[in-house]
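# Overview (structure and organization)
Below are the chains, spelled out letter by letter.
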Amino acid sequence: MRILAISIALSGCGGMSYTIDRDLLRDITIENKLLLFDAENDVSIAIDEREQIQRQIRDLRTDIRDAHAQVREADGDRERAQAKNESARSTLAERARAVFELKITFLLAQIDLLREKLVVQDRVVLVAETKFELAKAKLVKRNNVYGAADVDLTDFEAQVDDAVESARGARQDFAEDEKALVAVKGEWQKAREQLAKDSGGGVGSPWAEDSAAWGNW
Amino acid sequence: VRSCRLAALGSWPRRLGPVAVVLLVCAGAEAASFRKVDKAQEREELIIKLSSDINKVDHSVQVTKELIKGSPDAPYLADLYFRLAELYVERSRYVYARLMEQQPEGETLLAGDKALEVQIGKRLAIETYTKVLNEFPEYKNNDQVRFFKAHEFRELGEWDQMMKDYREVIEKHPRSDWAIEARLILGDYYFDKGDLPQAEVHYGEIIGLAESHLHDMARYKLGWIRINQEKFPEALKLFESAVVSGRKQKRGAIGDARKINVKREALLAMAWPFTETKKVQQAPEYFKDLAESKTLYVEAMKRLANRYYVKTDYVASALLYREIVALSADVEQNVDYVQRIHESVRNMGQRDPRRYSNAAGDVTAIVDTVARFQNSWKFKDEEKGQLKTNFEQRARDLATRLDRDARQNKDFDSSRVAAEAYRSYLSLFSDTKDRQSMQVNRAESLYLAKSYVDAGEQYEDIARGMQEGSEQGKFLYDSVIAYHEALEADATFKDKNPTKGGLLTMWELLRAREGLKQVGAYYVKTWPKSDKVANVKFNIAKMYYQEGDYDRAVELFTTWVETYPTHNDVGVAGNLALDAVHQLDDFDRLAKLAQRFVDNPKIKNPRFKGEAADLAKAATTRKVEMTVVTTTEGDFSERMVAEWEKHKGSKEGEEYLFVAFVKFKNENNIAGVFEFGNRLMGAYPASTKITDVLSTMGTFAVRGVDYERAASYFEEFYKRFPKHGTAVQVLASAANIRFVLGDVSRAAEDFRQLRMLGDQSQQRQAHERLMEIYRDAQAWEDLARVAQTAAKDQPNWLGAAAHLGIAYAEGGKDELAARELPRAIKLTPRSDFDKVAQARAVFTLGRLHQKRFDELQFKEAATVEEVLGNKIQLLQTIEQLYVQAIGFGQGEWAIAALQEAARLYKGFASFIETAPIPAELSPQDRASYQGQLQQQAQGYVAKAQETITACAEKAEQLKVFTAHAQACAQGGLEPVVPLGTRQRSAAAADDEAYQKELVQLRNELARTPESADLLKKLARRALQQGDLHLAKVTLSKVVEQNVRDGAAQNLLGVTLWSLGMPQEGFMALERAHKERNPTAAANLAALYYTYGYTRLVARYLSEAGTLSGVDLSSPDFHPAVRQVAGGGT
């Protein structure tokens, strides 16, 4: 006997309790299946958005690595300046280090915020998935395919409601966090701007942001 | 040459002997390599073995002789002798070998007695061969016997006898293999003696025979003869034939001391004739085809290269040495050849373009050779050091000379080769004092060769090897420039060839961009005060832009623009900054940034500022549009109003209102259009968008059948933008709307303005409409004023003059009318308006006279005749005018003229009847006079009756529905007072419920403006309300869309009739009737009834069917239907 609706309690795993086996849709005409496309599309969009957040986190990690390289470069600059008794240059190097530390703080804060958003997005994906399953269930029922009798729409609807509730619970107001992030960014940029000004447009200027990639050889 | 060949062909004794010796020696040598054996002992062992062999042969000789004795008649007796002779030969060889071994070290010749022992064996053999030949002349192996005999003479040095015997072999056995061998030996004999013609004869004879194992040898030797004769092409051909002939040489010539590989020798021999007959470039291909192996090929190349080198053809020799070095793994040999290459190149002509064309390969060859030499265990460190030093100089020399030439000649291809030569050099010579110079040279060569990415990398490498300082900065800057050039060249190429890939691979593209960013960043950090830093910064920013990191690009370009506001590239940088924001789809940011540039007083570039200003404006619009796109339907109006309030008074606020307005316009949302349109007009009265707003709202109002509102918008449009291109047209629309709505005073107001605007035709139309308005409203003074102005503007305009006369006449200004009307009548009509006016003018003039006619009455007897005369004269004049009026064919005025004519006759009859009877007449005469008068009067009464009847018939025939027609139909001979049309009542406007219904219907109509059902619904409602003008306009729109809409035509007919336009109403009803509209027949019956066309009433009533039970109060029925249905007929 074919498995129609899988009722597995997966509470705690974040998965779905009720799903419709794809085999069940096999005998449904393509015209009818078109009805599923919107729901399926919503799942894809939600997943895309989640991946976008993950990509942003990955990029930020790279930026943090680069910023650490800048810190090391600043240390090297300072050591060389000290060896040559160039105190002004040494001071600038020390300040450059501090600026890049601030940048790292900002980047880490950005990652924290994105992680929080990722948690919410995971729930959004689940909502889309449960809606997709509901759409499949409705289609199966409407077409009365073999086994449709075992599908109880109320289970699927309840599943959607639970997912929506869960997503709503996870949803936060990120405005405060974003405001805090802007403040951290501002602090870094202000320090950087002052440093660029004091160094005559060299250290600290936005153009020299990637200097460590060459200077650290 | 000959000595060389002699060495190659050095003779050995024949057959197995030497081979065996060689094998023995080899065996001994092999044993020696494993065991330490004393040389003397070794020789002793060999002598013992040879002695044993001699004893064995002696024993065999004895046995053979015994056999011969015992077989006197045996068929194999000849074989036994032949075998015996062979044994003698064999024995003499062993003896020779043993004697040679017994000779003291270094002694190569045998002394006389010892030689004799060897010769005895040979003599015995010769005797035995001779015996066989003499006693067994038919013996099958006699060719061989003779050949061996000759050979023994050859070994004994008896050349004449040898020659004789070889010739005998050839003569007696010409096709035998032994005869071919004999020919070869004879050829060699003459060749060695230098008698080339004789040698050629014998070699030639071989070649003339069927292909044999010695043909290649003969060709090979003939080839050498040709070289001696300096016939190089033939020589090459012969050698080539020897090499390529199909027959494999399975065995060599019997006379050869050692087996030689003729094909190999022939191939190597080709070097000489090749250099004389072919081009060196052909050599590799040519010899590759011929050589069986790489080794053989390399060998041939060596011969050839050496030959060219000897000939001082350095280009050729260098070419071949390169080929050899590339293929050969022999380090020692390659060292020589590499030197030869370098020397060849140095010896080439200074202007020879080929001199350094292979420098890269040559340097690579040097480098490879040095590397192999360094790694070889065969050489000492000292040798290695010397060779490296020597070859480093040679490699450097080649690369720099090529580089120098390339730069002098601006030859970029050679620069590329030079760069490659430098690369090879640098790959091995890492610790030389000239390394950095070579790196710099390489970088510059790469740059010249447009290999910018590699150049950039090379400059980076140079900088990496340096201490921090200005020198390092210079090279880093060069690196930035090189990367920049790479990207620019790539971009330019892509622009010109959009369908092709760029000049750079993906890797190179990435390398150039990252290189520029990273090196540039370091440069900016380390040398911020450099005069080149602006350029570097610009290019860094550009990299981020090209890589699609727009956020970063915006930041960098914006900072750049603000740091260098007077730089020549400020426009480019600014535009790139703006474009980067545009790529991010952040229009708010784009608008703000563009405005920031505009507001920056330090930026002086006016063109850029202008562009930024335009962009700021466009971005604001786009931002607003994006807000529209992203707003959900339900929140739209609210959101737009909120955004507007947020940006009240600003351009952006205006944009929000306008975009919302446009959205509603596109959606046909009439309420939205009016809401946002009015808001925009109120908040931004000077906005340039108001033209669009007003005209759109006007159009929407028309579409929603809200004509009054439309007219107001159009009038407002004209008021605000009188100079606008469509202003006059829009005002005309307003005037026409007012006119058809019956709002004559405001229509007149508009037309009064219009008659002073536009071209002559537009002005004339305005005048016409004005005259119509006042004429229909019977406002004679106004009409006179308008007509007067029109006549003044256009003096020969019949319509104007006629209406002026009519206005005077109707207004009681008879004298003026009497002056104007005749003048008007004489003018020529140019339009339908004129024609109707002309007919009416003639009629009016008739009426004017008729007024005088009516007034002219008998007063006293004395003036009876005079009065009568005048009366008759007037009668005739009026008659003429009415006839003229009828003649114009304008139904209304023809019928009017007829009715008036009837009344005229009737009046004249009455006039006559009342004529005073002269007092002097006798009573009898008086009676007779009276009788005559009555008779005459009766005549005019009859004429009047006749005319009125004719009028009634004509009116019925022409279907004229006027007061005159009605009078005719009823036989009325009283003066007719024509009714004016009805003006719009204000009652409808005050009815709130009615207005609400209208709004609802109009909203529906805005969405489906062409819906006939909706339009008719609205028209019915208007008719019910008595809002006849609105009904008329609405229904006109329906029939305009579909003239065959019977219901609409019927309703229109009812409406027009109700408006006092029965003639127009009749036409609409007729059309409705044609379309079989059931109510039209009833309405027509009522109309006919009203106008007295009683004959038609019954017919139409019957067509209408029973009307009982039908709701005759419906707007589809004219109120008169109820009357006729109630038995009026």
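As the structure is a prediction and not an experimental result, all values here were calculated from the model.

## Side note on empty space enclosed by the protein
Here the structure, examined in full by the defined rule, presents one cavity of 30 Å³ or more. By volume, the largest cavity is sized at about 60 Å³. Gln70(A), Glu73(A), Ala74(A), Asp77(A), Ala96(A), Phe100(A), Val203(A), Gly204(A), Ala208(A), Ser211(A) and Lys525(B) together form the lining of the largest cavity. Looking at the lining of the largest cavity, the elements with two or more residues in it are α1 (30-83) and α2 (87-143) of chain A. In terms of residues, the lining of the largest cavity owes the most to one element, α1(A), which gives four residues. Classifying every residue of the lining of the largest cavity by side-chain character gives five nonpolar, three polar and three charged.

## Notes on the interface of chain B and chain A
Chain B puts 24 residues into the contact, and the matching count from chain A is 22 residues. Across the interface of chain B and chain A, roughly 2000 Å² is buried in total on both sides, 58% from carbon and sulfur atoms. Summed over the shared surface of chain B and chain A, the number is four salt bridges. Here Arg552(B) makes a salt bridge to Asp210(A), at a shortest N to O gap of 3.8 Å.

## Focus: helix α25 (residues 533-547) of chain B
All names here are of chain B. End to end, α25 covers 21 Å across 15 residues, agreeing with the expected 21 Å (1.5 Å per residue, within 8%). Counting buried residues along α25, twelve of its 15 residues qualify, which places the element largely inside the surrounding structure. Taken as a whole, α25 has its buried residues at Val533, Ala534, Val536, Lys537, Phe538, Asn539, Ile540, Ala541, Lys542, Met543, Tyr544 and Tyr545. Turning to α25, the residues buried within the fold contact α23 (470-496), α24 (506-526), α26 (550-563) and α27 (570-583).

## Side note on the environment of Asn539(B)
Residues and elements named next belong to chain B. Checked against the element boundaries, Asn539 lands in helix α25. Spatially, the C-alpha atoms of Asn539 and Ile481 are 9.2 Å apart, while their sequence positions differ by 58 residues. The residues contacting Asn539, other than those within four sequence positions of it, are His484 and Leu516. Reaching out from Asn539, the side chain makes a polar contact with the side chain of His484 at a distance of 3.2 Å.

## Quick notes on the side chain of His803(B)
All names here are of chain B. Looking at the secondary structure, you find His803 in helix α39 (residues 798-810). Judged by its relative accessible area of 2%, His803 falls in the buried class. Sequence-distant contacts of His803, defined by excluding residues within four places in its chain, comprise Met771, Arg775, Leu783, Ala787, Phe833 and Ala837.

## Examining the state of the cysteines
Residue and element names in this part refer to chain B. Counted according to the given criterion, the structure contains one disulfide over all chains. For Cys951, the disulfide goes to Cys968, at an S-S distance of 1.8 Å. Judged by the sign of its S-S torsion, about 80°, the cystine formed by Cys951 and Cys968 is right-handed. On the criterion of sequence distance, the pair formed by Cys951 in helix α44 (residues 923-958) and Cys968 in helix α45 (residues 963-969) is long-range, its members being 17 residues apart. The exposure class of Cys951 is buried, given its relative accessible area of 0%. A relative accessible area of 2% places Cys968 in the buried class.

Rules of the game
Residues numbered from 1 in each chain as written. Chains lettered and ligands numbered in written order. Predicted model: local features only at pLDDT ≥ 70, side-chain atom pairs only at ≥ 80, totals over all residues. Heavy atoms only, no water. 1 Å grid on protein atoms, 1.4 Å probe; cavity = no way out; pocket = protein on both sides within 12 Å on 5 of 7 lines; lining within 4 Å. Points joined across faces, edges and corners; volume = space filled by probe spheres on them. Helix = DSSP H or I, 4+ residues; strand = E, 2+ residues; numbered from the N terminus. Nonpolar A, V, L, I, M, F, W, Y, C, P; charged D, E, K, R; others polar. Contact = heavy atoms within 4.5 Å. Buried area = accessible area lost by both parts, 1.4 Å probe. Salt bridge = Lys/Arg side-chain N within 4 Å of Asp/Glu carboxyl O. Expected span 1.5 Å × (residues − 1). Buried < 20%, exposed > 50% of the residue type's maximum accessible area, 1.4 Å probe, protein only. Polar contact = N/O pair within 3.5 Å; in protein donor to acceptor, adjacent residues only side chain to side chain. Disulfide = S-S within 2.5 Å.

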